[in-house]
Structures are given as C-alpha cells and as structure tokens.
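Structural overview for review
Residues per chain, in single letters:
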Amino acid sequence: MRRRSAILEAVELLREAAATLTLAQIITFLHIADEDEAVPMTDLQRRAETSAVQTWRNIQALTTLGLVHVVRWKMGSVTAAELSLAGQDLAARLDAMIREASPIAAPASVAA
C-alpha cells in the first residue's frame, strides 16, 4: 500500500488545526513560518501577492486562531507578524511531515 503524500497530510493537518483557513491565509502563514524573525506587513503583501487589506485580513484571521502575533518591527512604526507558540508547533509538525515525505506520484517504470 502506498503512503499518502506529504502535501495531502499537510493540508489535512492544517484543516484539523483550523478548519476555516483559506488558501490565502495558509500562504500567509507559510511565509511567516519561513522566517526566523517577524515579517513586516509590506513584505508579506509582496510575497503573498495580496493587497494591503487582504494581507491584514489574513493576519487577523491567523491571530484569531492563535497562530500568529502582531508586533512592532525594528523601525517601531512598522507592523509585523510572527508565529505564536501554537504557530511554531504547527510549523514544526509540517516540517516533520516534509522530512518524512513520500512522492506524490510513483516513478515510471523503465521498459526493458
């Protein structure tokens, strides 16, 4: 029996952690998780290719779910987002799935 792909497992983990997450919110979460420090909203907007309003809505949803904190960035007046402890735990679980990943499709067999 073939193991499920890490992508499917990750989507199911995200759905289990927060069933109401949209794809845009997941992308925003992953961009924040990809950094070691808080990410300014303008950077998130650019990376996720969303408007300032949509970026803020994504952050608000992630904050409501307890996955993200909103903080002041290095320049004081700039708002940034970072993972909460629950967000860090979710990111660590996703990383573990990726490390143990199986391919989405089995490799084609070579004809003799």
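A brief look at the structure comes next. Every value quoted in this text rests on a predicted model; they were computed, and no experiment measured them.

1. Quick notes on the overall build of the chain
- Check the secondary structure of the chain and you find 5 helices and 3 strands.
- Taking all 112 residues of the chain together, 32% fall into the buried category.
- Excluding contacts between residues fewer than 6 apart, the proportion of contacts in the chain whose partners are at least 24 apart in sequence is 55%.
- If you sum the accessible surface of the chain, you get close to 7500 Å²; carbon and sulfur atoms cover 57% of it.

2. Section: the packing of helix α2 (residues 23–33) against helix α5 (residues 85–99)
- Where α2 meets α5, the axes come as close as 11 Å, and the angle between the chain directions of the two elements is 90°. Relative to α5, the element α2 lies roughly perpendicular. Where α2 abuts α5, its residues F29, L30 and A33 lie against G87, L90, A91 and L94.

3. Points about the environment of N58
- Its location among the elements puts N58 in helix α4 (residues 52–64).
- Judged by relative accessible area, which is 0%, N58 ranks as buried.
- Linking N58 and A24, residues 34 residues apart in sequence, is a C-alpha distance of 7.0 Å.
- Residues contacting N58, with those up to four places away along its chain left out, are A24, Q25, T28 and T50.

4. Here's the deal with the sheet that holds strand β1 (residues 39–40)
- Read across the sheet, 3 strands follow the order β1-β3-β2 without closing on themselves; strand pairing throughout is antiparallel. A single partner strand is all that each edge strand has here, and the edge strands are β1 and β2 (68–72).
- As judged from the 2 bridges shared by β1 and strand β3 (residues 79–83), these two strands associate in the antiparallel manner. In the strand pairing of β3, V39 is matched with A81.

5. A look at the pairing of β2
- Pairing between β2 and β3: 5 bridges, direction antiparallel. Directly across from V68, in β3, lies its bridge partner L83.
- Taking the residues between adjacent antiparallel strands as the criterion, β2 and β3 are bridged by 6 residues, where G76 takes a positive phi near 80°.

6. Observations concerning the pattern of salt bridges
- Per the counting criterion, the structure on display carries 3 salt bridges.
- We note a salt bridge from E35 to R47, for which the minimum N-O separation is 3.0 Å. Placement of E35 in the loop between α2 and β1 and of R47 in helix α3 (residues 41–48) is noted, with a sequence separation of 12 residues between them.

Conventions adopted
- Residues numbered from 1 in each chain as written.
- Predicted model: local features only at pLDDT ≥ 70, side-chain atom pairs only at ≥ 80, totals over all residues.
- Heavy atoms only, no water.
- Helix = DSSP H or I, 4+ residues; strand = E, 2+ residues; numbered from the N terminus.
- Buried < 20%, exposed > 50% of the residue type's maximum accessible area, 1.4 Å probe, protein only.
- Contact = heavy atoms within 4.5 Å.
- Areas by Shrake-Rupley, 256 points an atom, 1.4 Å probe, with all protein chains shown as cover.
- Axes fitted to C-alpha atoms, helices over the stretch in contact; angles between N-to-C directions.
- Parallel < 35°, antiparallel > 145°, perpendicular 65-115°, else oblique.
- Pairing = 2+ DSSP bridges.
- Salt bridge = Lys/Arg side-chain N within 4 Å of Asp/Glu carboxyl O.

On their own, these measurements won't tell you what the molecule is for.
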